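Spelled out, the chains give:
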Amino acid sequence: MVNLVAAQKPLLHGLMKMAGIRPQTVEVEPGTVMHLWVPKETLNKHKAKAKPEAKIKPAVVLVHGFAAEGIVTWQFQVGALTKKYSVYVPDLLFFGDSTTDNADRSPTFQANCLYKALKKLGVEKCTLVGFSYGGMVAFKMAELYPDMVEATVVSGSILAMTESIREEELGRMGFKSSSELLMPNSVEGLKGLLKIAAYKKLWFPDCLHKDYLEVMFTNRKERSELLEALIVSNKNLSIPSFQQRIHLLWGENDQIFRVELAENMKEQLGERATYEGIKKAGHLVHLERPCAYNRCLKQFLASVYSVEVQK
């Protein structure tokens, strides 16, 4: 029987190519490869000389969350950004076709690998846009590589998953572990995740839930290890002093990382951090209200790069 989610992949790939990005695999180091969707100009730059009038566009890197790979997460943002920006959409390790034989599962290792992959693709400066798990990777990369990361946009994420935050938030939602919430292994489990993640009730037939579980929740052992590696002792938590502007772009009805966490984080980050909420949107704000999300994102990017806001 045809897996409907898998069957839609060629269509999504076609839409990404129409938007001007192409798939590319980069060997970060021996045993570690990262798959990314990159601007076609990046792949062509060594094949043909650029036109004299060609203008270099600022690089924007979209970093996905835990329940889907890159272009599935950011399918409504790519086309909205490629006119003004060079858009890169990586698959983090153990998502999509990105793999490693390294035992390190920390967000620091993910950030290091993403940095190396972008450097090999010729990216010198960029703005990171991170969602959920990808937001934690984006924060870490901004901390470690301020010379590359010019600004950071984060949605539905936190600086670090402390023991206290994990216990409080999971207890409030009625889950015993992060894996139980983010790595469902049944149709009912996936329905529970979507119910918490979305503002509006989403209905899909059970067969589509089953197909999604089969296609998107691979590498379960390694991904469970990624979740465990996120946990930081309350005693070891320190707030980095970021040099970049950080914009917290939130669904006001986020039930996984509530608005209160975002507001507290803004205070912790200081004057270089800003907060913006989008009404009638939950954790999946970029998918539930893509037009509003894209408008806010483009306005922030325009302020960073002093380009005209797209209409």
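Before reading further, recall that the structure is shown in the block above.
Let us look at the structure shown here.

Let us now look at the overall build of the chain. For the chain, the helix and strand inventory stands at 14 helices and 11 strands. For a compact globule of 311 residues, the expected C-alpha radius of gyration is about 19 Å, and the chain comes in at 19 Å, within 12% of that figure. Dimensions of the chain, computed from C-alpha atoms along their principal axes, come out at roughly 60 × 55 × 45 Å. Split into buried and exposed, the 311 residues of the chain put 50% on the buried side. The long-range share in the chain, meaning contacts at least 24 apart out of those at least 6 apart in sequence, stands at 73%. Carbon and sulfur atoms make up 52% of the accessible area of the chain, which amounts to about 15100 Å² in all. Positive and negative side-chain charges in the chain, numbering 40 and 34 respectively, have mean positions lying 7 Å apart.

What follows deals with the pairing of strand 2 (residues 32-39). Most of strand 2 is tucked away: 7 of the 8 residues are buried. Bridge count for strand 1 (residues 21-29) against strand 2 is 8 bridges, and the pairing is antiparallel. If you follow P23 over to strand 2, its bridge partner there is W37. Once strand 1 ends, the chain turns through 2 residues before running back antiparallel as strand 2, passing G31 with a positive phi of about 90°. In the sheet, strand 2 pairs with strand 5 (residues 99-100) via 2 bridges, with the strands oriented antiparallel. Paired with V33 across the strands is T99, a residue of strand 5. Sheet topology places strand 2 next to strand 4 (residues 86-90); 2 bridges connect them, and they run antiparallel. In the sheet register, W37 faces strand 4, and the bridge partner there is V89.

Attention shifts here to the nonpolar core. Grouped together as the largest cluster of nonpolar side chains are 100 residues, with contacts concentrated most on L36, L62, V89, L118, F139 and M141. Beyond its immediate sequence surroundings of up to four residues, L118 is in contact with L36, V61, Y88, V123, M141 and M148.

In this section: the state of the cysteines. Think of a disulfide as a covalent bridge from one cysteine sulfur atom to another cysteine sulfur atom. Overall, the coordinates contain 0 disulfides when judged by the stated rule. Cysteine C113 is unpaired, with the sulfur of C126 as its nearest cysteine sulfur at 15 Å.

For T73, the location among the structural elements is in helix 3 (residues 70-73). On the basis of relative accessibility, which here comes to 5%, the residue T73 falls in the buried class. Within the structure, T73 has its side chain in polar contact with the backbone oxygen of E69 (distance 3.0 Å). Contact partners of T73, with chain neighbours within four places excluded, come to H64, G65, A68, F131, H286 and L287.

Cut-offs applied
- Residues numbered from 1 in each chain as written.
- Predicted model: local features only at pLDDT ≥ 70, side-chain atom pairs only at ≥ 80, totals over all residues.
- Heavy atoms only, no water.
- Helix = DSSP H or I, 4+ residues; strand = E, 2+ residues; numbered from the N terminus.
- Rg over C-alpha atoms; globule rule 2.2 N^0.38 Å.
- Buried < 20%, exposed > 50% of the residue type's maximum accessible area, 1.4 Å probe, protein only.
- Contact = heavy atoms within 4.5 Å.
- Areas by Shrake-Rupley, 256 points an atom, 1.4 Å probe, with all protein chains shown as cover.
- Lys, Arg positive; Asp, Glu negative; His and termini not counted.
- Charge placed at Lys NZ, Arg CZ, Asp CG, Glu CD.
- Pairing = 2+ DSSP bridges.
- Core = buried A, V, L, I, M, F, W, Y, C linked by side-chain atoms within 4.5 Å.
- Disulfide = S-S within 2.5 Å.
- Polar contact = N/O pair within 3.5 Å; in protein donor to acceptor, adjacent residues only side chain to side chain.

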